[in-house]
Amino acid sequence: MDNGASSYRRFLAGDESGIVEIIRDYKDGLILYLNGYTKNIHIAEELMEETFVKLVVKKPHYSEKFSFKTWLYTIGRNAAIDWLRQGSRSVSVPFEDMEEYLADIDDLERSYIKEEQKIALRRAMRRLKEEYGQALYLSYFENLSNAEIARIMHKSKRQVENLIYRGKQSLKSELEKEGFVYEEL
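I will try to describe carefully the structure that is included in this document. (Residues numbered from 1 in each chain as written. Predicted model: local features only at pLDDT ≥ 70, side-chain atom pairs only at ≥ 80, totals over all residues. Heavy atoms only, no water.)

Along the backbone of the chain there are nine helices and zero strands. Across the chain, helices and strands are ordered from the amino to the carboxyl terminus as α-α-α-α-α-α-α-α-α. Long-range contacts, defined here as pairs at least 24 residues apart, represent 61% of the contacts in the chain between residues at least 6 apart. For the chain, the exposed area adds up to about 10,500 Å²; of that, 48% sits on carbon and sulfur atoms. (Helix = DSSP H or I, 4+ residues; strand = E, 2+ residues; numbered from the N terminus. Contact = heavy atoms within 4.5 Å. Areas by Shrake-Rupley, 256 points an atom, 1.4 Å probe, with all protein chains shown as cover.)

Here it is as structure tokens:
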């Protein structure tokens, strides 16, 4: 059973600690995933908050047809797409705040991805085609199955398999440019 699903059921039954557990367990990964859409960590944080507000206020039905994480990330993805549709693609950051902005991204990554190899891998993934990066991130950092990734990205399972394969090839090439070879590829 998915721990997030049981926490959500408890929250719906009136136990406020359920939503606290969900936020604690999923916020960092959701921010990093949404940052792939927004290219702005601050906007990604706002969209993460919006996702959790939707859970608290609207209390959408969770059918358990998919894992809780897949369902939650789909809600977050939809919020990101809505944000992009509103024409908010380019967000300007004042030059004075740029150093702080970049420091925020690095701090979040370091707290979430503790090993140096994974940090180098994440940086290389940023240079990949967006769909490749998303599929690889969901597969390797969030440990989602191809079926769950297909559900989140609105792709077929076969398309996800192709994205992951091509993404791995592109990632390997990017890492080799830096003189780094990631053994698990």
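Resuming the write-up.
Taken as a whole and judged by the stated rule, the model has 11 salt bridges. Across the salt bridge formed by lysine 27 and aspartate 28, the nearest N and O atoms sit 3.8 Å from each other. The closest approach of N and O atoms between arginine 127 and glutamate 174, which form a salt bridge, is 2.8 Å. Highlighted residues: arginine 127 in the loop between α6 (116–126) and α7 (130–141) and glutamate 174 in helix α9 (residues 157–177), separated in sequence by 47 residues. (Salt bridge = Lys/Arg side-chain N within 4 Å of Asp/Glu carboxyl O.)

Before going further, it helps to spend a moment on the packing of aromatic side chains. Inspection of every chain in the model, using the stated rule, returns 11 aromatic pairs. Taking the centre distance of 5.6 Å and the plane angle of 80° together, the rings of tyrosine 33 and tyrosine 37 count as edge-to-face. Residue tyrosine 33 and its partner tyrosine 37 are both found in helix α2 (residues 17–38); the two are separated by four residues, about one turn of the helix. Comparing tyrosine 33 with tyrosine 37, the two get one shared label, buried. Grouped by ring-pair contacts, the aromatic residues Tyr8, Phe11, Tyr26, Tyr62, Phe68 and Trp71 constitute a single cluster. (Phe/Tyr/Trp six-rings, centres within 6.5 Å; stacked < 30°, edge-to-face > 60°. Buried < 20%, exposed > 50% of the residue type's maximum accessible area, 1.4 Å probe, protein only.)

This paragraph deals with a nonpolar patch on the surface. Together, Val53, Val56 and Val57 give the surface a local cluster of nonpolar side chains, amounting to about 250 Å² of exposed area. Within the fold, valine 56 resides in helix α3 (residues 41–58). Residue valine 56 is classed as partly exposed on the basis of its relative accessible area of 35%. (Patch = residues over 30% accessible without salt bridge, like charges linked within 9 Å, V, L, I, M, F, W, Y side chains within 5 Å.)

Turning next to the packing of helix α1 (residues 3–12) against α2. Across the interface, α1 lies against α2 with an axial gap of 7 Å and an inter-helix angle of 150°. By the criterion of interaxial angle, the relationship of α1 to α2 is roughly antiparallel. Considering only the axes of α1 and α2, their crossing is left-handed. Contact with α1, carried on its side by Asn3, Gly4, Ser7, Tyr8, Arg10 and Phe11, involves Ser17, Gly18, Ile19, Glu21, Ile22, Asp25 and Tyr26 of α2 and no other residues of that element. In terms of residue class, the contact of α1 with α2 is built from five nonpolar, five polar and three charged. (Axes fitted to C-alpha atoms, helices over the stretch in contact; angles between N-to-C directions. Parallel < 35°, antiparallel > 145°, perpendicular 65-115°, else oblique. Left-handed = near helix turned anticlockwise from the far one by under 90°. Nonpolar A, V, L, I, M, F, W, Y, C, P; charged D, E, K, R; others polar.)

The terminal C-alpha atoms of helix α4 (residues 68–85) lie 26 Å apart, and with 18 residues this matches the ideal 26 Å at 1.5 Å per residue to within 8%. With respect to burial, α4 is a largely interior element, 15 of its 18 residues being buried. Two residues or fewer past α4, glycine 87 is found with a positive phi of approximately 80°. (Expected span 1.5 Å × (residues − 1).)

A word on unusual backbone geometry. The residue lysine 39 is not glycine, and still its phi comes out positive at about 60°. With respect to the element layout, lysine 39 can be found in the loop between α2 and α3. Since its relative accessible area comes to 54%, lysine 39 is described here as exposed. Within the chain, glutamate 64 stands out as a residue other than glycine whose phi angle is a positive 65°.

With that settled, the discussion passes to the nonpolar core. Membership of the largest hydrophobic core comes to 49 residues, with the highest contact counts inside it found for Leu55, Phe68 and Leu138. In this structure leucine 138 touches Tyr33, Tyr73, Asn143, Leu144, Ile149, Ile152 and Met153, once residues within four positions along its chain are discounted. (Core = buried A, V, L, I, M, F, W, Y, C linked by side-chain atoms within 4.5 Å.)

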